[in-house]
Amino acid sequence: ATGDGEVNEAVKNEAMEAKEEEAAEVKNEAVEAKEGSARSHVTNEMGQTLNTETGREYETNAAGQKINKMKKRKVALYIGYYGAAYQGMQRNPGAHTIEDVLEKAIHEAGGISDNNFGELQKISWMRAARTDKGVSAACNVVSLKMVLEPEGIVERINEKLPDDVRVFGYFRVTNGFCARKMCDRRRYGYVLPLWALDPSHPVRGNKRQKTSEGSGPGGATTGEETGRAREEEILERFNRILKEYEGTHNFHSFTKGKAWNEPQAQRYILNWKTETFELNGETYVKCEVLGQSFLYHQIRKMIGLALAISRNIAPESVLGLALASRKKFNVPVAPEFPLYLEECVFNSYNKKHGHLHGDLSRDRFVDTINDFKRTTIDRNIVESEEFNDDVSTWLRGLKDELYQFSKWEAIHAEFSGNGKKSPEETREAP
C-alpha cells in the first residue's frame with residue numbers, strides 16, 4: 001500500500017484545523033487589543049509609552065498607532081535534550097518532563113509572561129513529537145507564542161536550562177502553525193552495538209561474552225577480512241529485516257491500547273536504513289526510521305522484534321504475522337535509552353508558507369545540533385560504561401520461552417479467514 005490516501009486525508013484535515021485555529025487566534029488578539037486599549041499608559045523618561053499594568057514598551061508608527069514592542073510572536077522553537085532524567089517530553093502532572101523545565105526557563109528569560117506561565121494553551125504551545133520516558137532528541141520542535149524582545153532570548157533561555165536541554169534557535173511562523181499537526185515526517189535513530197545483532201555472540205548472566213580478537217562466529221581464528229565480511233553479512237540481514245516494516249501496515253501489535261480494527265493502528269513507514277560507526281574500538285549500528293508519525297512504543301517494538309529475528313530467536317515469518325494478523329502478539333520492547341528523535345520535517349508547510357519567514361529546517365542550526373548530539377546524547381548513550389551491559393541484560397530476557405515466537409504461526413491460523421472480530425483479538429498472545 002502506498003499510503004497516498006492517508007497522506008491526502010491528513011493534509012486536508014490539518015488545513016481545516018489550521019484555518020479554525022487561525023480564526024480563533026484572530027478573535028483572541030482582537031479581545032486582547034480591546035482590553036489593552038482600556039488600560040492606562042504612561043510615558044517614561046525615554047519617551048516610550050508603557051502599559052502601567054505590564055510594563056511593556058510601546059512605540060508610535062508613522063500612522064500614529066501604538067505598536068507593542070513586547071508582543072508575543074508565533075515561533076517554531078528548535079530544541080534538543082538527553083532524556084534519561086525525564087519522564088518524557090509532554091507535561092504530565094506529578095512527572096518531571098522536558099516541557100516543565102523548558103517552560104520555566106522561557107518564563108524566567110522573559111519569553112512567557114506571569115499571566116501565561118503554567119497555562120500552555122494560552123500561548124498555543126504544541127510539540128512536534130511527544131517522546132516517551134528516557135528518550136532523547138537531537139532536534140525536536142515546539143510551536144508557541146513567545147516574547148522575543150529584547151534581543152538575545154535564545155541565550156537567556158539557555159542560561160536558565162540544565163545542561164541536558166538546549167534551545168538551538170527559532171523561526172517566525174504563521175499564526176495558524178501547529179508543530180504537531182504540520183509535521184509531515186519524523187526521523188528517529190536507534191543505536192545498538194554490532195555484536196547485539198550476531199546470533200553467534202553469546203550473552204551470559206548480565207554480561208556479554210566477548211570473543212577473542214579476530215574470532216569468527218564459531219570461535220575459530222580468522223583474518224580481519226573474514227571478520228569484516230561476517231559483519232557486513234549480519235548488517236545486511238538486519239537491514240533487510242527492518243525494510244519489511246516499510247509501507248502502510250497495521251501496527252496494533254507494536255503498541256498499547258490499539259485493537260486490530262482501529263484506524264489509528266495504521267501507520268506509514270517511509271524508510272529504514274542502517275549504518276555503522278566506530279567508537280573506542282567498538283562497532284555500533286545506527287538504525288534510522290523515517291515515518292509520518294509513530295505509536296507509543298512502536299519504534300522500540302520494531303527494533304525488538306528485528307533483534308529477535310536477527311539473533312535467530314524468532315523465525316523471520318513472525319514479522320509478517322505481527323503486521324498482518326488480527327491477533328495482538330506479545331512483541332518485545334527494546335530498551336528506551338538508545339532511542340532518540342533525529343529530525344522533524346515540515347514539507348507541506350514550507351511549500352505553502354515558506355516564502356513568508358523562510359523554510360523550517362534544522363539546517364540553520366545543524367552545527368549546534370550536531371555538537372549537542374555528539375557531546376551530550378552520544379556521549380551519554382554510547383560512551384557510558386553501562387550501555388553494553390544494559391543491552392546484554394535485555395537480550396538475556398529475549399527468549400522463545402517468554403514470547404513463544406514458535407507458536408505465532410498456529411495462533412495466526414486460528415484467527416485467519418473467519419472475518420469476525422473475536423474478544424481474543426485485543427489481548428496479547430503469550
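Sequence order sets the numbering: in each chain, residues are counted from 1 along the sequence as written. Predicted model: local features are reported for residues with pLDDT of at least 70 only, side-chain atom pairs are reported and counted for 80 or more only, and whole-chain, interface and lining totals are derived from all residues. Only hydrogens and water are set aside when side-chain values are computed; all heavy atoms of the structure are taken into account.

### Points about the overall build of the protein chain
Here comes step 1: Numbering of helices and strands runs from the N terminus, with a helix taken as a DSSP run of H or I at least four residues long and a strand as a DSSP run of E at least two residues long. Within the protein chain, the regular secondary structure consists of eleven helices and 15 strands.
Here comes step 2: Within the protein chain, the proportion of its 430 residues that are buried is 48%.
Here comes step 3: When checking whether two residues touch, look at their non-hydrogen atoms; a contact exists if any pair is within 4.5 Å. Long-range contacts, defined here as pairs at least 24 residues apart, represent 73% of the contacts in the protein chain between residues at least 6 apart.
Here comes step 4: Only the protein chains shown count as cover for residues, and the accessible areas themselves come from Shrake-Rupley with a 1.4 Å probe. A total accessible area of about 21300 Å² is found for the protein chain, and carbon and sulfur atoms account for 46% of it. Between buried and exposed lies partly exposed: a residue is buried under 20% and exposed over 50% of the maximum accessible area for its type, with that area taken using a 1.4 Å probe on protein chains only.

### Digging into unusual backbone geometry
Here comes step 1: With an omega dihedral of -10°, the bond running from Glu149 to Pro150 counts as a cis peptide bond.
Here comes step 2: Along the chain, the position of Pro150 falls in the loop between β7 (136–147) and α3 (153–160).
Here comes step 3: Even without a glycine there, the phi angle at His297 is positive, about 70°.
Here comes step 4: Under the relative-accessibility criterion, His297 is labelled buried at 12%.
Here comes step 5: One non-glycine residue, Gln404, adopts positive backbone phi at about 50°.
Here comes step 6: For Gln404, the location among the structural elements is in the loop between α10 (400–403) and α11 (408–415).

### Notes on the nonpolar core
Here comes step 1: With 108 residues, the main nonpolar core has Tyr78, Leu197, Tyr245, Trp272, Leu305 and Phe346 as its most contacted residues.
Here comes step 2: In contact with Trp272, not counting residues within four places along its chain, are Asn239, Leu242, Lys243, Tyr245, Glu246, Cys287, Glu288, Val289, Ile299, Met302 and Ile303. Put simply, a nonpolar core is a bunch of buried Ala, Val, Leu, Ile, Met, Phe, Trp, Tyr and Cys residues held in one set by side-chain atoms that sit within 4.5 Å of each other.

### Overview of the packing of aromatic side chains
Here comes step 1: For Phe, Tyr and Trp, where Trp contributes only its six-membered ring, two rings pair if their centres lie within 6.5 Å, and the inter-plane angle classes them as stacked under 30 degrees, edge-to-face over 60, or tilted in between. All chains considered together, the criterion is met by 17 aromatic pairs.
Here comes step 2: Three or more aromatic residues joined by ring pairs form one cluster here, namely Tyr245, Phe251, Phe254 and Trp272.
Here comes step 3: For a lysine, the NZ atom is tested; for an arginine, the CZ atom; a charge sits over a ring if that atom is within 6 Å of the ring centre and within 35 degrees of the ring normal. Over the face of the ring belonging to Trp260 we find Arg326, whose NZ or CZ atom lies 5.2 Å from the ring centre.

### A word on the confidence of the model for the protein chain
Here comes step 1: Values of pLDDT, the confidence the predictor places in each residue, fall between 0 and 100. Here the protein chain averages 83 in pLDDT, and 75% of its residues register 70 or above.
Here comes step 2: In the model, residues 31–56 has pLDDT below 50 throughout and makes 35 contacts with residues more than four positions away in sequence or in other chains.
Here comes step 3: Residue range residues 211–221 is modelled with pLDDT below 50. Its contacts to residues more than four positions away, or to other chains, number nine contacts.

### Topic: the pattern of salt bridges
Here comes step 1: For this document, the term salt bridge refers to a Lys or Arg side-chain nitrogen within 4 Å of an Asp or Glu carboxyl oxygen. With the rule as written, the count across this model stands at 20 salt bridges.
Here comes step 2: For the salt bridge of Arg91 with Asp100, the shortest nitrogen-to-oxygen distance reads 3.1 Å.
Here comes step 3: With a closest N to O distance of 3.9 Å, Glu316 and Arg240 form a salt bridge. Pair noted here: Glu316 is in the loop between α5 (298–310) and α6 (317–324) and Arg240 is in helix α4 (residues 224–243), with a separation of 76 residues, a long-range link.

### Examining the environment of Ile411
Here comes step 1: Here Ile411 lies in helix α11.
Here comes step 2: Put simply, Ile411 and Leu321 are 90 residues apart on the chain and 9.6 Å apart in space, counted from C-alpha to C-alpha.

### So, the environment of Gln292
Here comes step 1: Within the fold, Gln292 resides in the loop between β14 (282–291) and α5.
Here comes step 2: Separated by 22 residues in the primary sequence, Gln292 and Leu270 have C-alpha atoms spaced 7.7 Å apart.

### Quick word on helix α9 (residues 386–396)
Here comes step 1: Among all positions of α9, only Phe387, Asn388, Val391, Ser392, Trp394 and Leu395 are buried. Each buried residue of α9 sits inside an arc of 165° when the element is viewed along its axis, so together they form one side. By definition, the arc is the one covered by directions from the helix axis to the C-beta atoms.

### A short note on a negative patch on the surface
Here comes step 1: Patch membership requires more than 30% relative accessible area and the absence of a salt bridge. Residues of like charge join within 9 Å; the nonpolar side chains Val, Leu, Ile, Met, Phe, Trp and Tyr join within 5 Å. This count recognises Lys and Arg as positive and Asp and Glu as negative, with His and chain-terminal groups excluded. To locate a charge, the coordinates of NZ of Lys, CZ of Arg, CG of Asp or CD of Glu are taken. A surface patch of negative charge is lined by Glu231, Glu232, Glu236 and Glu278.
Here comes step 2: Per-element accounting of the negative patch gives the leading share, three residues, to α4.
Here comes step 3: Structurally, the position occupied by Glu231 is in helix α4.
Here comes step 4: On the accessibility criterion, Glu231 (33% relative accessible area) is partly exposed.

### Details of the pairing of strand β9 (residues 185–193)
Within a regular strand, side chains alternate between the sheet's two faces.
Here comes step 1: Within β9, eight of the nine residues are buried, which leaves the element mostly enclosed by the surrounding structure.
Here comes step 2: Two strands make a pair as long as DSSP finds a minimum of two bridges between them. Sheet topology places β9 next to strand β15 (residues 339–345); six bridges connect them, and they run antiparallel. Counted as the bridge partner of Gly189 is Tyr340 from β15.
Here comes step 3: The sheet contact formed by β9 and β14 spans eight bridges and is antiparallel. Bridged to Gly189 within β14 is Glu288.

### Quick notes on the side chain of Lys286
Here comes step 1: By secondary structure assignment, the location of Lys286 is in strand β14.
Here comes step 2: Those residues in contact with Lys286 that lie beyond four places of it in its chain are Tyr190, Lys273, Thr274, Glu275, Phe277, Tyr340, Glu342 and Lys373.

### Observations concerning the packing of α6 against α11
Here comes step 1: All axes here are fitted lines through C-alpha atoms, helices being fitted over the stretch that makes contact, and every angle between N-to-C directions spans 0 to 180 degrees. One can describe the packing of α6 onto α11 by two numbers: an axis separation of 10 Å at closest approach and a directional angle of 30°. Relative to α11, the element α6 is oriented roughly parallel. α6 and α11 meet at a crossing whose hand is left-handed. The segment α6 lies against α11, with Ser317, Val318, Leu321 and Ala322 engaging Trp408, Glu409 and His412.
Here comes step 2: Looking at the contact of α6 with α11 residue by residue, the class counts come to four nonpolar, two polar and one charged. In this scheme, roughly parallel covers angles under 35 degrees and roughly antiparallel covers those over 145, while 65 to 115 is roughly perpendicular and the rest are oblique. Take the far helix as your reference; a near helix turned counterclockwise from it by less than a right angle gives a left-handed crossing, and one turned clockwise gives a right-handed crossing. Amino acids outside the nonpolar list (Ala, Val, Leu, Ile, Met, Phe, Trp, Tyr, Cys, Pro) and the charged list (Asp, Glu, Lys, Arg) are all regarded as polar, and Gly is one of them.

### A word on the environment of Arg364
Here comes step 1: Tracing the backbone shows Arg364 in the loop between α7 (347–357) and α8 (366–381).
Here comes step 2: What makes Arg364 exposed here is its relative accessible area of 52%.
Here comes step 3: Distance from Arg364 to Gly169, taken between C-alpha atoms, is 8.6 Å for residues 195 residues apart in sequence.
Here comes step 4: Not counting chain neighbours up to four residues away, the residues in contact with Arg364 comprise Tyr170 and Phe171.
Here comes step 5: Whenever two N or O atoms come within 3.5 Å, that pair is a polar contact, provided that in protein one can donate a hydrogen and the other can accept it, and provided that, for residues adjacent in sequence, both atoms are side-chain atoms. Side-chain polar atoms of Arg364 contact the backbone oxygen of Tyr170, separated by 3.5 Å.

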